[in-house]
Structures are given as structure tokens and as C-alpha cells.
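# Architecture at a glance
Here's the letter readout for the chains.
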Amino acid sequence: MTTTPARRVTKQRVAIADQLERSEAFLSAQDLHAALSRSGERIGLATVYRTLSAMATDGELDVRRTDDGEALYRRCDTEGHHHHMVCRTCGRTVEIGGPKLEEWLAEVSGRFGYVDIDHTVEITGTCPECAAKA
Ligand SMILES: [Zn+2]
Ligand SMILES: [Zn+2]
Ligand SMILES: [Zn+2]
């Protein structure tokens with residue numbers, strides 16, 4: 001357990017977490033705001049932005065950036081380090097990871113004498129459902 005003081009969990013934060021829980025895809029603040037409005041939650045877009053960024057800072061959400069730099073958020077089942085395989089048609093995301101990739105990266109960076117290695121691995125493709133429709 002960390003010693004961080006308990007943050008006040010707002011009603012908005014709970015509603016946003018619930019909405020994210022129901023999505024397999026990464027969502028932007030705007031997507032989420034629209035989904036919340038549809039389910040009758042009245043939360044301002046600015047609050048959605050603020051809450052998402054606070055939740056990401058707390059490590060509750062995973063963040064991806066679109067090519068235009070927009071942040072997309074997802075609540076992953078896997079705690080700790082993992083990667084994502086994203087369907088480029090519907091956005092459905094699978095959490096992937098494994099020692100082989102991590103070992104290979106450590107091996108390669110070690111060979112060149114690099115330390116403090118950080119990495120981002122994004123895999124995009126077409127999910128089975130979208131492939132079946134095509
Ligand atoms: Zn994730
Ligand atoms: Zn798909
Ligand atoms: Zn990794």
C-alpha cells in the first residue's frame with residue numbers, strides 16, 4: 001500500500017470509471033462525454049478532461065495518443081506493464097505482454113550499452129469480428 005492520502009472520490013469520477021469499464025476500446029474525453037450524456041449523466045466536458053487526466057496520473061487508466069496528439073483512455077484489466085493490440089476499425093483492444101518481448105528489449109539495449117530504457121509498443125490490426133465483416 002502507498003501512503004498517499006485518500007483522494008476524495010467524486011460522484012463524477014465514479015460515473016466516468018463505470019463508463020470506461022463498459023468499453024473495450026480506448027475513448028477520448030469527447031467520446032466519454034457523449035456516452036455519459038446518453039446515459040443521463042450531466043458532467044461538463046471540462047470536468048471529464050480533468051477527471052481523466054487525474055485518473056491517468058493515479059495509474060487507474062492507460063493512455064494512448066492519437067497521431068494528432070489527442071489522449072485516449074482505457075481502464076485495463078492488467079495491472080502493471082503491458083502493451084495493446086488495437087483494432088483499427090472498431091478500436092477493440094486486447095492487452096498483451098510477455099517476457100519474450102521484454103527480454104529481447106533488455107538484451108538489445110544492453111548490447112548497445114543503453115540504460116534507463118523505456119519503450120512503447122503499439123500493435124494495430126483488424127479484429128476477428130471486423131475481419132469477418134470485411
Ligand atoms: Zn492497458
Ligand atoms: Zn474491430
Ligand atoms: Zn513492454
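What counts and how
Residues numbered from 1 in each chain as written. Chains lettered and ligands numbered in written order. Predicted model: local features only at pLDDT ≥ 70, side-chain atom pairs only at ≥ 80, totals over all residues. Heavy atoms only, no water. Helix = DSSP H or I, 4+ residues; strand = E, 2+ residues; numbered from the N terminus. Buried < 20%, exposed > 50% of the residue type's maximum accessible area, 1.4 Å probe, protein only. Arc of directions from axis to C-beta. Contact = heavy atoms within 4.5 Å. Salt bridge = Lys/Arg side-chain N within 4 Å of Asp/Glu carboxyl O. Domains from an automatic or database assignment. Buried area = accessible area lost by both parts, 1.4 Å probe. Donors = N, O, S within 2.8 Å, 3.2 Å for Na, K, Ca; no water. Tetrahedral: all angles 85-135°; square planar, octahedral: opposite > 155°, others 65-115°. Pairing = 2+ DSSP bridges.

### Comments concerning the overall build of the protein chain
Secondary structure assignment for the protein chain yields 5 helices and 6 strands. Taken from the N to the C terminus, the helices and strands of the protein chain come in the order α-β-α-α-β-β-β-β-α-β-α. Counting only C-alpha atoms, the protein chain reaches 55 × 50 × 25 Å along its principal axes. With 134 residues in all, the protein chain has 31% of them scored as buried.

### Some details on helix α2 (residues 29-38)
Those residues of α2 not exposed but buried are Ala 29, Leu 32, Ala 35 and Leu 36. Taken around the axis of α2, the buried residues stretch over an arc of 125 degrees, which confines them to a single face. Next to the buried residues of α2 lie α1 (11-21), β1 (27-28), α3 (45-57) and β3 (71-74). Once α2 finishes, Gly 40 follows within two positions and takes phi at roughly 85 degrees, a positive value.

### Some details on the pattern of salt bridges
Overall, the coordinates contain 7 salt bridges when judged by the stated rule. Put simply, Glu 60 and Arg 13 hold a salt bridge, and the shortest N to O gap is 2.6 Å. In this pair, Glu 60 is assigned in the loop between α3 and β2 (62-65) and Arg 13 in helix α1, connecting sequence segments 47 residues apart. Exposure remark for Glu 60: the relative accessible area of 33% places this residue in the partly exposed category. On the basis of relative accessibility, which here comes to 9%, the residue Arg 13 falls in the buried class. Each of Arg 13, Asp 58 and Glu 60 takes part in salt bridges that share partners, so that together they form one network.

### Considerations on the domain arrangement of the protein chain
According to the domain assignment, the protein chain contains domain 1 (9-75) and domain 2 (80-134). Summing the contributions of domain 1 and of domain 2, the shared interface buries around 620 Å²; its carbon and sulfur component is 46%. Inspection of the region where domain 1 meets domain 2 yields 2 salt bridges. Among the ionic pairs, Arg 64 bridges to Glu 122, the shortest N-O distance being 3.5 Å.

### Focus: the coordination of the zinc ion (ligand 3)
Taken together, the protein donors to the zinc ion (ligand 3) comprise His 81 (NE2), His 83 (NE2), Glu 102 (OE) and His 119 (NE2), at separations of 1.9 to 2.1 Å. Around the zinc ion (ligand 3), the 4 donor atoms are arranged such that angles at the metal cover 102 to 126 degrees; this shape is classified as tetrahedral. Read from N- to C-terminus, the donor residues coordinating the zinc ion (ligand 3) fall into the pattern H-x1-H-x18-E-x16-H. One end of the pair, His 83, is in strand β4 (residues 83-87); the other, His 119, is in the loop between α4 (99-111) and β6 (122-125), and 36 residues separate them in sequence. Owing to a relative accessible area of 4%, His 83 belongs among the buried residues under this scheme.

### So, the sheet that holds β1
Strand order in the open sheet formed by 3 strands is β1-β3-β2, and the pairing between neighbours is antiparallel. Strand pairing shows two members of the sheet lacking a second neighbour, β1 and β2, which therefore form its edges. Looking at chain direction, β1 and β3 are connected through 2 bridges and run antiparallel. When the sheet's bridge partners are listed, Ser 28 is paired in β3 with Leu 72.

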